[in-house]
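Overview (structure and organization)
Listed here are the chains, written in short residue letters.
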Amino acid sequence: MGFRFRKSINLGPLRINFSKSGIGYSVGNKFARVTKKANGGVRTTATIPGTGISHVKDYSAKQVHAAQESSAVKSSGGTKFPAWIIAAILLVCVFAGIGSDKDKTSAPSSQTTQEESAEPVDYSSVSACFADVFLDAEVSCIESGSNPQVTVKTALSSEDQPENWAQLLDNLETCLENADGVAKALSRKTAMGQIVAVDGTILASGYNGKLQFDLFAKRAADQAEADRIAAEKAAQASQSTSSSASSRTVYVTPTGSKYHYSSSCNGGNYSATTLDDALARGLTACKKCA
């Protein structure tokens, strides 16, 4: 690819453009502008600010030269007006007639440019693999953030995992890999793809040629995490109960072989201790106050 050079200098309404092909200049404001290109051609641009309506017209160097030769408009000194002045007159005429042009006033874009009027990118080659693999599904492709996004609408339910789910994921990843190569050939960053259930729920999706999301795998992981948290809480509760029971206060006598939960059982001479201590001394529970 060869070297390029371009630089612009703004001097109020005058803009001078320097490039490898020469020097060009333009005069105007946000409503109207006439541009004398380096190749000798002229471009006129008329815009109605805030409406998204604009009109651009290019005149080749040959057309400009012909206009100069055929123009009878001369200055008081007998010199012909420059081509860009003639183009400016044409621009005013065009600008005055824009309001009556129904096709232009109905333009939906708020920033109409030559690039926006270009033909849309054909993404049929991106979605071709999906259409070939998912035969029983509705396959569509739209542009999302300047990247193609393929949607495979199926009759699958989002509630139950299909028996052939692993195979469907393999097919999706294969199509993503193929589509990504095609997208990059179209100067797009990546191709995105998704499998959608009958109720509109996204079952799986990916980009950059890889699977990025699996609804059923996420649900399984979420359930496993919930089960782990529940088990931890149950263990903590059991441990807390056991600890509470082992530190429970019981009553014993100096020579007795039993421990009592009531200090008035049998009217004995009791002293308080913990259940752990009583068990460590080999005492057993009194059946009357247990």
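Residues numbered from 1 in each chain as written. Predicted model: local features only at pLDDT ≥ 70, side-chain atom pairs only at ≥ 80, totals over all residues. Heavy atoms only, no water.

1. A few points about the packing of aromatic side chains
Defined as follows: Between rings of Phe, Tyr and Trp, where Trp is taken as its six-membered ring, a pair exists when centres lie within 6.5 Å; planes separated by under 30 degrees are stacked, by over 60 edge-to-face, and by other angles tilted. Every helix listed is a DSSP run of H or I at least four residues long, and every strand listed is a run of E at least two residues long, numbered separately from the N terminus. Only protein chains enter the accessibility calculation, which uses a 1.4 Å probe; a residue whose area is less than 20% of its type maximum is buried, one above 50% is exposed, and one in between is partly exposed.
Tallied over the full model, the rule gives two aromatic pairs. Between Trp 165 and Phe 216, the aromatic rings sit 5.0 Å apart at their centres with planes inclined by 90°, giving edge-to-face as the arrangement. Residue Trp 165 is found in helix H5 (residues 165–185), and its partner Phe 216 is found in helix H6 (residues 215–246); the two are separated by 51 residues along the sequence. Residue Trp 165 shares its accessibility class with Phe 216, and that shared class is buried. Consider the rings of Tyr 259 and Tyr 261, whose centres lie 5.8 Å apart with planes at 90°: the pair is edge-to-face. The class of Tyr 259 is buried, set by a relative accessible area of 7%. Judged by relative accessible area, Tyr 261 falls into the partly exposed class, the value being 23%.

2. Here's the deal with the pattern of salt bridges
So the rule is basically this: Here a salt bridge means any side-chain nitrogen of Lys or Arg lying within 4 Å of a carboxyl oxygen belonging to Asp or Glu.
Summed over the entire model, instances satisfying the criterion amount to six salt bridges. Residue Asp 277 is joined to Arg 281 by a salt bridge in which the shortest nitrogen-to-oxygen separation is 3.4 Å. By relative accessible area, which is 31% here, Asp 277 ends up partly exposed. Three or more residues joined by partner-sharing salt bridges are found here, namely Glu 225, Arg 228 and Glu 232.

3. Side note on the sheet that holds strand E10 (residues 202–207)
Convention followed: Note on pairing: two strands pair once DSSP finds at least 2 bridges between them. All axes here are fitted lines through C-alpha atoms, helices being fitted over the stretch that makes contact, and every angle between N-to-C directions spans 0 to 180 degrees. Residues are treated as being in contact if the distance between any of their heavy atoms lies within 4.5 Å.
Spatial ordering of the open sheet is given by E7-E8-E9-E10-E11, a layout of five strands whose pairing is mixed. One side of each edge strand has no neighbouring strand; the edge strands of this open sheet are strand E7 (138–144) and strand E11 (210–214). Across the sheet, the mean angle separating the axes of adjacent strands is 20° when strand polarity is ignored. Taken together, the four bridges between strand E9 (residues 192–196) and E10 define a ladder with antiparallel strand orientation. The residue bridging Ile 195 from the neighbouring strand is Ala 204, located in E10. Here helix H4 (residues 124–133) sits on the sheet and contacts E7, strand E8 (147–153) and E9; the angle it forms with E8, its principal contact strand, is near 20°.

4. A word on the confidence of the model for the chain
Heads up, the condition is: Confidence per residue, as judged by the predictor, is encoded in pLDDT with a range of 0 to 100.
With 73% of its residues at a pLDDT of 70 or more, the chain has an overall mean of 78. Considering only residues more than four positions removed or in separate chains, one finds that residues 98–118, a stretch of pLDDT under 50, has 20 contacts.

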